[in-house]
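Read off the chains here:
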Amino acid sequence: MRRRFTHMLFCLFFSGIFFAQPHLIKKPKAKSKSSTTNFALGVGLTRSVLYLSRNIKQNNDATGYNATLIYGGKKIFRLSLEYTYFKPINIEPTWSNITAHTLEANAHLIARFKKTDAYFYPLVGLSYNVFRGYFTGLNDFLNLSIIYPKNSVVQTKWLGLNIGTGYEYYFKPGSFFLDYKMRIGVNEGNKQLTILDVCFAAGLRFNMRAPSIYRLFKGTRSRYLLDTREQED
């Protein structure tokens, strides 16, 4: 009787140890991150007032040539780098022989449509703007002659906050885009924050595939790990 009872305790003890052993739980596989993303090169035309507080004449917008580089956008976010050179204009009688150019970086938040190859994207970014022209001082309603001498070449550089929206329609391997932007900056006359530029841009982009940031960082990390192992050996 005692032997049977001891045997039963022995079996219960080892069965408890067996069932108490930790079971390996397989973790769900993480979704693989894409190794490629979108990359685009574009050219187009831009219409801009250049400097709104100075250019108050009707139908006096400047025409510019625009070059664009875009990275990302496979999901909902992408970055753009743009440069625009504007053809010379006059704002008579105060300004003449005006040249300008803009360098800007923007972020696009993409809103896609299921049944079309087009989408809209709100955009926000920063721009570096250069305005250069001959200042006569005539009809100087902004009193800029206090800052600049009359009958002299004046160059103004200003930093702008870009806010706008865009539209893009795809047809392989390119796309057509249309952008609207307002640039907010500090007016040099009264030092107030205001809209200094309003512009439209339209053109074509050539789209291709490029390595994603995840793949670039992963490749860099792997290379460093390989170097470390070689040093340890």
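Look a little higher up for the structure.
All values derive from a computational prediction rather than experimental measurement.

**Re the pairing of strand β9 (residues 193-211)**
Alignment of strand β1 (residues 36-48) against β9, held across 13 bridges, turns out to be antiparallel. Bridge assignment links Gly 44 to a residue of β9, and that residue is Gly 203. Bridge count between strand β8 (residues 174-186) and β9: 13 bridges; the pairing is antiparallel. When the bridges of β9 are listed, Gly 174 appears paired with Phe 206. Connecting the antiparallel pair β8 and β9 is a turn made up of six residues, with Lys 191 showing a positive phi of about 60°.

**Focus on the side chain of Thr 68**
Tracing the sequence through the fold places Thr 68 in strand β2 (residues 62-72). One polar contact links Thr 68 to Asn 66, side chain to side chain, over a distance of 2.8 Å. Sequence-distant contacts of Thr 68, that is, excluding residues within four places in its chain, are made with Ala 40, Leu 41, Gly 42, Leu 81, Glu 82 and Arg 205.

**Side note on the layout of surface pockets**
Taken as a whole, the second largest pocket spans an internal volume of roughly 270 Å³. Of all the elements in the fold, those that place two or more residues in the lining of the second largest pocket are β6 (118-135) and β7 (152-171). Across the lining of the second largest pocket, the residue classes break down as six nonpolar, five polar and three charged.

**Some words on the pattern of salt bridges**
Scanning the model with the defined rule gives eight salt bridges in all. Glu 82 is paired through a salt bridge with Lys 181; the nearest N and O atoms lie 2.9 Å apart. Of this pair, Glu 82 sits in strand β3 (residues 77-91) while Lys 181 sits in strand β8, and the two are 99 residues apart along the sequence. Neither residue differs from the other here; Glu 82 and Lys 181 are each classed as buried. Among the salt bridges present, the one from Arg 183 reaches Glu 104, with a minimum N-O distance of 3.2 Å. Of the two residues, Arg 183 is situated in strand β8 and Glu 104 in strand β4 (residues 95-109); the sequence distance between them amounts to 79 residues.

**Section: the packing of aromatic side chains**
What describes a pair of aromatic rings is the distance from one ring centre to the other and the angle between the planes of the rings. In the structure shown here, the tally under the stated rule is eight aromatic pairs. Where Tyr 51 meets Phe 131, the ring centres are 5.7 Å apart and the plane angle is 75°; that geometry is what we call edge-to-face. Here Tyr 51 is found in the loop between β1 and β2, whereas its partner Phe 131 is found in strand β6, with 80 residues between them in sequence. Both residues of the pair, Tyr 51 and Phe 131, belong to the buried class. With 5.9 Å between their ring centres and 65° between their planes, Tyr 51 and Trp 158 make a pair best called edge-to-face. Residue Tyr 51 is found in the loop between β1 and β2, and its partner Trp 158 is found in strand β7; the two are separated by 107 residues along the sequence. Across the pair, exposure class does not vary: Tyr 51 and Trp 158 are buried alike. Through successive ring pairs, a cluster of aromatic residues spans Tyr 51, Trp 95, Phe 131, Phe 135 and Trp 158. Positioned above the aromatic ring of Phe 131, the side-chain terminus of Arg 54 is 4.7 Å from the ring centre. Cation over ring: Arg 78 sits above Tyr 121, and NZ or CZ is 4.8 Å from the ring centre.

**Some details on the nonpolar core**
Judged by nonpolar contacts, the single largest core of 16 residues is most densely connected at Leu 50, Trp 95, Ile 98, Phe 131 and Phe 135. Looking at this core, the elements with two or more residues in it are β3, β4, β6 and β7. Those residues in contact with Ile 98 that sit more than four places away from it in its chain are Leu 50, Lys 87, Pro 88, Ile 89, Asn 90, Ile 91, Phe 131, Arg 132 and Gly 133. Core analysis: the second largest hydrophobic core is formed by six residues, Ile 110, Tyr 121, Leu 123 and Phe 177 among them.

Parameters at a glance
Residues numbered from 1 in each chain as written. Predicted model: local features only at pLDDT ≥ 70, side-chain atom pairs only at ≥ 80, totals over all residues. Heavy atoms only, no water. Pairing = 2+ DSSP bridges. Helix = DSSP H or I, 4+ residues; strand = E, 2+ residues; numbered from the N terminus. Polar contact = N/O pair within 3.5 Å; in protein donor to acceptor, adjacent residues only side chain to side chain. Contact = heavy atoms within 4.5 Å. 1 Å grid on protein atoms, 1.4 Å probe; cavity = no way out; pocket = protein on both sides within 12 Å on 5 of 7 lines; lining within 4 Å. Points joined across faces, edges and corners; volume = space filled by probe spheres on them. Nonpolar A, V, L, I, M, F, W, Y, C, P; charged D, E, K, R; others polar. Salt bridge = Lys/Arg side-chain N within 4 Å of Asp/Glu carboxyl O. Buried < 20%, exposed > 50% of the residue type's maximum accessible area, 1.4 Å probe, protein only. Phe/Tyr/Trp six-rings, centres within 6.5 Å; stacked < 30°, edge-to-face > 60°. Lys NZ or Arg CZ within 6 Å of the ring centre and 35° of its normal. Core = buried A, V, L, I, M, F, W, Y, C linked by side-chain atoms within 4.5 Å.

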